[in-house]
Amino acid sequence: DDWVKMYKDVPSRQGKVLVPDRLQVKTTEDETQVTEPQALQQEISRLCSEVECGRAFIRPSGTENAVRVYAEAATAEAANL
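To keep things clear, this report deals only with the structure shown in the data block. (Residues numbered from 1 in each chain as written. Predicted model: local features only at pLDDT ≥ 70, side-chain atom pairs only at ≥ 80, totals over all residues. Heavy atoms only, no water.)

### Side note on the side chain of Q41
Here is step 1 of the chain: Tracing the backbone through its elements, the reader meets Q41 in helix α2 (residues 38-49).
Here is step 2 of the chain: For Q41, the side chain forms a polar contact with the main-chain nitrogen of V34, separated by 2.7 Å.
Here is step 3 of the chain: When residues no more than four places from it in sequence are discounted, the contact partners of Q41 are T32, Q33 and V34. (Helix = DSSP H or I, 4+ residues; strand = E, 2+ residues; numbered from the N terminus. Polar contact = N/O pair within 3.5 Å; in protein donor to acceptor, adjacent residues only side chain to side chain. Contact = heavy atoms within 4.5 Å.)

Right, here's the structure in full:
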């Protein structure tokens, strides 16, 4: 019951971005922050701060040269940024 009261469903988007070498992207163990390259996490944080309820995570694919992207925001339009 308490969790249901705290949870707010917001629009989200999932996708993938092809990269030359997925091994260049490193994340924390829980995959909530990019540790390398640092500029990538800075850009993710900047974009998230510009939209209401903005949150995003990326992680390298385990099978192809791509990163998986998850983003959410208060509106579908903002989640698509």
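### Here's the deal with the side chain of S61
Here is step 1 of the chain: Residue placement: S61 occurs in the loop between β4 (55-60) and β5 (66-72).
Here is step 2 of the chain: For S61, a relative accessible area of 3% gives the class buried.
Here is step 3 of the chain: Within polar-contact distance, the side chain of S61 engages the side chain of R68 at 3.5 Å.
Here is step 4 of the chain: Sequence-distant contacts of S61, that is, excluding residues within four places in its chain, are made with R22, A66, V67 and R68. (Buried < 20%, exposed > 50% of the residue type's maximum accessible area, 1.4 Å probe, protein only.)

Structural measurements only, silent on function.
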